[in-house]
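Chains, contacts and geometry: an overview
Listed here are the chains, written in short residue letters.
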Amino acid sequence: MTLPPFPNTRLRRLRRTPALRAMVRENTLTPADFIWPIFVMEGTDTAEPVASMPGVSRITVDRVGKAAKDAYALGIPAICVFPYTGMDARTEDCALAWSPDNIANRAIREIKSACPEIAVMTDIALDPYNINGHDGFVENGEIVNDRTIEALVKMALTQAECGADILGPSDMMDGRIGAIRTALETSNHSHVTILSYTAKYASAFYGPFRDAVGASSALTGDKNTYQMDPANSDEAMRLVERDLSEGADMVMVKPGMPYLDIVRRVKSEFGVPTFAYQVSGEYAMIQAAAQNGWLDHDKVMLESLMGFKRAGCDGILTYFAPAAAKALGA
Ligand code: PBG
């Protein structure tokens, strides 16, 4: 439509008071928008700060139940578990990835028994268990697709057995969603949901995360043959269509802030549950600037998260989840 000219139109009229602004606000941000990623490690009753992610610590499995209960009390509906694994736990065959007793799977069970109400999301990829830090098996210097899928399916089934509500394949192999969905359907896990890391870009913003999970020193080379080229947008639409047709219930764009154009396209073109991951590097940037007194921590945190909602996100994976829930008054 064409706006009537000034002074009939004065857009500032509706910005004059908090009440008027509240009436015409187009988007809202609540703790129910958050999925909280946490890092778990071996040991007892310990938290170990992640240097490149101020305010984030790896915690031992015996502490995850309390973390989940606290998050749920703040109104956060979902928690996502990532395991820290040292070099000694990593192998070429990645067998620990589908062991029910690895720390990620123990954490799932612990959370489900301490706080059954919260939704538990997992990560499906081989990188925490792989000697070379890649998300798939490496043969002759190549990340092989189809053999990796067999391992991912085993991971998925173990996680489902342990009580996971949401599986998060983050590996970017082709065909993994279909293979996982078929395996779930044929093993009494038809209710388990898949939130696919659909448009996951080969990003330098993952640096602090790789420190947090112990992958930085393990990783040889880059992930450019399986994660997306940051220059591409149409390709993300093809990936969304593909993952939905293979049985994904929800899709994700990752990283978040530099890729909100992709979020908007996904939401507008598909209208499906759409999530984005405000990744470790985005978190680190805001924390670093706030620690220097260069940005107002709470304001920038909430503004960044509102940006995700405005772009079309149904929810956001964010390390800020508990702090943001508190800042929102939870
Ligand atoms: C690995 C995985 C990564 C993240 C989530 N799952 C890193 C990577 O692909 O190297 C990144 C999350 C973050 O940076 O916060 N499968």
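See the structure shown above.
Reference entry: report on the structure contained in this document. Values in this document were obtained by computation on a predicted structure and should not be read as measured data. (Residues numbered from 1 in each chain as written. Predicted model: local features only at pLDDT ≥ 70, side-chain atom pairs only at ≥ 80, totals over all residues. Heavy atoms only, no water.)

Attention shifts here to the site of the ligand. If you check the shell around the ligand, you find 17 residues, and the closest are Lys-200, Arg-210, Lys-254, Ser-280 and Tyr-319. Between the ligand and Lys-254, the relevant distance is 3.4 Å, taken from a nitrogen atom to a side-chain nitrogen or oxygen of the residue. Separating an oxygen atom of the ligand from a side-chain N or O atom of Ser-280 is a distance of 2.7 Å. In isolation the ligand has 400 Å² of accessible area, and contact with the protein removes 100% of it. Because more than half of its atoms lie within 2 Å of the grid, the ligand is assigned to the largest cavity. The residue inventory of the shell around the ligand, partitioned by class, reads seven nonpolar, three polar and seven charged. (Near = heavy atom within 4 Å. Polar contact = N/O pair within 3.5 Å; in protein donor to acceptor, adjacent residues only side chain to side chain. Areas by Shrake-Rupley, 256 points an atom, 1.4 Å probe, with all protein chains shown as cover. 1 Å grid on protein atoms, 1.4 Å probe; cavity = no way out; pocket = protein on both sides within 12 Å on 5 of 7 lines; lining within 4 Å. Sits in = over half its atoms within 2 Å of the grid points. Nonpolar A, V, L, I, M, F, W, Y, C, P; charged D, E, K, R; others polar.)

In this section: the environment of Lys-154. The residue Lys-154 is located in helix α4 (residues 146–161) in this model. Classification of Lys-154 by relative accessible area gives partly exposed; the value is 40%. Separated by 29 residues in the primary sequence, Lys-154 and Ala-183 have C-alpha atoms spaced 8.9 Å apart. (Helix = DSSP H or I, 4+ residues; strand = E, 2+ residues; numbered from the N terminus. Buried < 20%, exposed > 50% of the residue type's maximum accessible area, 1.4 Å probe, protein only.)

Quick look at the packing of α4 against helix α5 (residues 176–185) now. As a packed pair, α4 and α5 sit with axes 9 Å apart at the nearest point and diverge in direction by 45°. Compared by their axis directions, α4 and α5 come out oblique. Here α4 and α5 pass one another in a crossing that is right-handed. Contacts between α4 and α5 involve Ile-149, Leu-152, Val-153, Ala-156, Leu-157 and Ala-160 from the former and Arg-176, Ala-179, Ile-180, Ala-183 and Leu-184 from the latter. For the contact of α4 with α5, the residue count by class is 10 nonpolar, no polar and one charged. (Axes fitted to C-alpha atoms, helices over the stretch in contact; angles between N-to-C directions. Parallel < 35°, antiparallel > 145°, perpendicular 65-115°, else oblique. Left-handed = near helix turned anticlockwise from the far one by under 90°. Contact = heavy atoms within 4.5 Å.)

By the secondary structure assignment, His-134 is in the loop between β5 (119–121) and β6 (138–139). Among the polar contacts listed, one links the side chain of His-134 to the side chain of Tyr-226, at a separation of 2.7 Å. Ignoring any residue separated from it by four or fewer positions in sequence, one finds His-134 in contact with Leu-126, Asp-127, Ile-143, Leu-219, Thr-220, Asp-222, Lys-223 and Tyr-226.

Attention now moves to the side chain of Thr-158. Looking at where Thr-158 falls in the secondary structure, it is placed in helix α4. Within polar-contact distance, the side chain of Thr-158 engages the backbone oxygen of Lys-154 at 2.8 Å.

Let's shift gears to the packing of aromatic side chains. Pairs of aromatic rings are described using the distance from one ring centre to the other and the angle between the two planes. Scanning the entire structure with this criterion turns up 10 aromatic pairs. Each ring, one from Phe-82 and one from Tyr-277, has its centre 6.5 Å from the other, and the planes form 40°; the classification is tilted. You can see Phe-82 sitting in strand β4 (residues 78–83) and its partner Tyr-277 sitting in strand β11 (residues 274–278), a full 195 residues away along the chain. An aromatic cluster is built from Phe-39, Phe-82, Tyr-197, Phe-209, Tyr-277, Tyr-283, Tyr-319 and Phe-320, whose rings are joined through pairwise contacts. Sitting above the plane of the Phe-137 ring, Arg-147 keeps its charged end 4.1 Å from the centroid. (Phe/Tyr/Trp six-rings, centres within 6.5 Å; stacked < 30°, edge-to-face > 60°. Lys NZ or Arg CZ within 6 Å of the ring centre and 35° of its normal.)

Further remarks concern empty space enclosed by the protein. Evaluation of the coordinates by the stated rule reveals one cavity of 30 Å³ or more. When its volume is computed, the largest cavity comes out at roughly 130 Å³. Along the walls of the largest cavity sit 18 residues, with Asp-127, Lys-200, Tyr-206, Phe-209 and Lys-254 positioned nearest its centre. At the level of elements, β9 (193–200) and α6 (207–212) are the ones that each hand at least two residues to the lining of the largest cavity. A class-by-class count of the residues in the lining of the largest cavity yields eight nonpolar, three polar and seven charged. (Points joined across faces, edges and corners; volume = space filled by probe spheres on them.)

Once that is clear, we can look at a nonpolar patch on the surface. On the surface, a nonpolar cluster with roughly 410 Å² of combined accessible area is contributed by Met-1, Leu-3 and Leu-11. Mapped onto the elements, Leu-3 comes out in the segment before α1 (18–24). (Patch = residues over 30% accessible without salt bridge, like charges linked within 9 Å, V, L, I, M, F, W, Y side chains within 5 Å. Salt bridge = Lys/Arg side-chain N within 4 Å of Asp/Glu carboxyl O.)

That is the geometry; function is a separate question.
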